[in-house]
Amino acid sequence: MIDYTKRTSYLGDLEKQRSAHKLVFEGSFNPGLPERGYNNRTLYINLSTRTIKEKPVTEQMKEIFIGGRGFGLWYLWNAVKPTTKWNDPENEIIISPGPLGGNTQYPGSGKSLVVSLSPLTDIPIDSNVGGHFGPLMKFSGFDALEIQGKAESDVVIFIDGQKGIIRVEEAPLESVDSHIAADIFTHMYAADEFDRRNISVIASGKGADHALMGCLNFSWYDIRRGVARLKQAGRGGIGTVFRDKKVKAVVVRGPTVKGDMNRPADIDRVRNTGIRLHREIHDNDDKQCHMRTQGTAHLVEVMSDYDLLPVCNFQYGSHEDVKNIASYTWGERFTQGIPDGCWLGCSMGCSKGADGHIVKTGPYKGHSVTVDGPEYETAAGLGSNCGIFDRDWILEGNFYCDTYGIDTISFGTSCSFVMECWQRGILNAERTGGIELTWGNGAAQMELLHQMARNEGFGAIVGQGVARMKKLFAEKGWGDPKLLADIGMEAKGLEYSQYLSKESLAQQGGYALTNKGPQHDEAWLIFMDMVNNQIPTFEDKAYALFYYPMFRTWFGLCGLCKLPWNDIVPADNYKTETPAKVPEHVQNYVDIFGAVTGKIIDKDELIRQSERVYNFQRVFNLRMGSGLRKHDKAPYRSLGPVTAEEYLSRQERYDKQLRELQGLDPEAMSLDEKIAATRAWREKQFELLTDAVYKRRGWTNDGVPKPEHLKEIGMDLPMLQEVVEKHL
Amino acid sequence: MISVNTREQPWREGLNVQSLLDEMGFIFRHIIVRINGEYVPEEAYSARLIADGDDVQVLHLIAGG
């Protein structure tokens, strides 16, 4: 039995570290609580000009952009020029929780949305994250935080929502690594033990100092474990931007949270809606997804059973050793029986923690740590996709990715790419500096990560991500550029998340026809398409690739978690005409939006709210030199089998498709001919899907939002029209 | 023949819902089965026979991470 209260302490030098802090600049504000979900002001900090100011939130901003990701994109648009790069001082990091963020009555209401120009994609990235920062900042008095400029040396930004003080302090001594930084700053800025629950820290890590795939960790203080727990804004390299600005941490100290601090218009309605969902979770989770005991890792063996688990760089979809990293093994490894919600009041509580992990590599070797996760993406990305079916190596990688500030998804996909390059002789020991990147080599994976954190060796190259590695390898004459393009799983510069999309045309679009790159939080349609066969036509798929991305976007506008939408459903959901939409929960969201903000909407207006921001982001991409059809291309491995081994692994299926879909006789074809015919057909299908999706979204055939569509959805703003007209 | 999620599937005498799910590898714990539009509760899977020509819908309620 692991004692979940015990771990290595990092607090021995806290007083020395505190005394080394020097004030750089400061400001003050009047702490306040939101009214109907909004404070109607945001906080702007410029580290270059040493400026702190408040900005008003206008009614138009709320009407058009709602909050969260919408506010982030709006502020970013105003901050940057079309020529701005991620490491220019004018690039911003914007953090906003949205109007529903901070509710404690409805599960999954604690998300923050983080927006910046991505080092990986050079276009806006949005990433959602749990932890207490967003709600505590909101209950201090701000709907968003903008950080612009760069500090001269490492700083901590401290927002004291109890005293109304903002301090930017030089902080030279503390580790930047998140598992230490979050714990130290929680203790440093809390007045006493009780006050630690009012603290949340944003930190990154040494890896983000150099790699382009840096993530942010948002903490919350786990009073039972006595440790700052971590959730990640993982995608797109925002941690890299954070460290480029020389921010070591952002710390908020909010008031002690009470149930009514969002000051909703109708708290009884919010409460009653929440009670119904709490009951569903209590009654149904053990029969449905097991989120309370396994978190999203419940998906691991399900994906393998349905041939969807990425194995060895998305070559295959299942593996016999999946039993070693299956959901039940994580259920055994996670500490059970203590609350694990990443925000207060979330009875789903899927932020599982593995206590007592003894670190076996790197600078923290021998330390006892609590690892947050792994979630499904991490188990698949660091595990199966690299041929690693060893729970301890996955925990080790999870721990170091988090504390070094590295996105587990981008790192997992980058690591699997170089492992396949090793398999195919594109890489060898001379080129990797002696690291043997064989499938399943957990120690090699860790060495890449440690090198990444030290900015040395082949690990530093891997930290640049798949797109840049493909270019570099081709320039060096390592491997066939066409093969590298086919097997390097990135689009727009962002690495694919961890689902095999080869057999689902809709999911191929769900990954590639996105604003920010191939992240499954826009659309996850694999089962609807491939297994349930609910969206057989191009028009069906196009509708799904309209509705679901818009519906999911809405969570990011409001500060909500997607998981309570459809990872738990009412027992009678099967009676509805559209069980995949979970109509009762859609109505819940309509209800709580009205109950918090006082603005009555219906389910169509909910989609329309998202559509405004989604199209704004598409035009933003255009403004930054992206956002056209040519930018929505997918690597062929996401569409079909690249190699002979892949084809042969599913020969029966592919031969059948040649016969039934193309009228060809596979018996009369060579393997190369079959692979070529399959490719030609699948690439054509993807183009036809793209046509249908653009049409359904109101875009031209080149992917540009049509002016009349922008007008129809209320986004005929001159600034958008000016950008769009250049592409018509 | 029967139809499973609008795709043709061989039928045999005595085929019940549970054996169909087993044979198709539909092991996910959270699914909805309808035969000719009629909902089949989980506890009836073994007893509910499928007739030749039936239209079977097996909806997996799974939604990704």
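Keep in mind that what you see is a predicted model, and the values were worked out from it rather than measured.

K.L.:
Help me get a handle on the side chain of Ser-219 of chain A, residues and values and all.
P.N.:
Residues and elements named next belong to chain A. With respect to the element layout, Ser-219 can be found in strand S11 (residues 216-222). For Ser-219, a relative accessible area of 0% puts it in the buried group. Once residues within four sequence positions are removed from consideration, Ser-219 is found in contact with Gly-131, His-132, Phe-133, Ala-182, Thr-186, Ser-200, Val-201, Ala-228, Arg-229 and Leu-230.

K.L.:
Which residues make up the domain arrangement of chain A, and what values do they have?
P.N.:
All names here are of chain A. What the domain assignment lists for chain A is domain 1 (14-253), domain 2 (267-495) and domain 3 (505-725). The C-alpha-based centres of domain 1 and domain 3 are spaced at 31 Å. Between domain 1 and domain 3, the residue contacts involve 43 residues of the former and 40 residues of the latter. Approximately 3600 Å² of surface area, both sides summed, lies buried where domain 1 meets domain 3, with 64% of it carried by carbon and sulfur atoms. Among the residues domain 1 hides against domain 3, the three largest losses belong to Trp-77, Leu-100 and Tyr-106. Together they make up 24% of the total. Counting the contacts that link domain 1 with domain 3 gives two salt bridges.

K.L.:
Describe the interface of chain B and chain A, naming the residues involved and giving the relevant values.
P.N.:
Each side of the interface is counted separately: chain B has 20 residues, and chain A has 31 residues. Here chain B and chain A share an interface that buries about 2200 Å² over both sides, 56% of which is from carbon and sulfur atoms. At the junction of chain B with chain A, the criterion picks out zero salt bridges. Linking chain B to chain A there are 10 residue pairs in polar contact (both at pLDDT 80 or more). Elements with a minimum of two residues in the side of chain B that touches chain A: strand S3 (31-35) and strand S5 (55-60) of chain B.

K.L.:
How would you summarise the sheet that holds S3 of chain B if you had to cite specific residues and measurements?
P.N.:
Residues and elements named next belong to chain B. Read across the open sheet, the five strands follow the order S2-S1-S5-S3-S4; overall the sheet is mixed. The outermost strands of the open sheet, each flanked by one partner alone, are strand S2 (7-9) and strand S4 (38-40). Neighbouring strand axes in the sheet, compared pairwise and without regard to direction, differ in orientation by 30° on average. The sheet contact formed by strand S1 (residues 2-4) and S2 spans three bridges and is antiparallel. Along S2, the bridge assignment pairs Ser-3 with Glu-8. Contacts from helix H1 (residues 17-24) reach S1, S2, S3, S4 and S5 within the one sheet, and its direction differs from that of S3 by about 125°.

Thresholds applied
Residues numbered from 1 in each chain as written. Chains lettered and ligands numbered in written order. Predicted model: local features only at pLDDT ≥ 70, side-chain atom pairs only at ≥ 80, totals over all residues. Heavy atoms only, no water. Helix = DSSP H or I, 4+ residues; strand = E, 2+ residues; numbered from the N terminus. Buried < 20%, exposed > 50% of the residue type's maximum accessible area, 1.4 Å probe, protein only. Contact = heavy atoms within 4.5 Å. Domains from an automatic or database assignment. Buried area = accessible area lost by both parts, 1.4 Å probe. Salt bridge = Lys/Arg side-chain N within 4 Å of Asp/Glu carboxyl O. Polar contact = N/O pair within 3.5 Å; in protein donor to acceptor, adjacent residues only side chain to side chain. Pairing = 2+ DSSP bridges. Axes fitted to C-alpha atoms, helices over the stretch in contact; angles between N-to-C directions.

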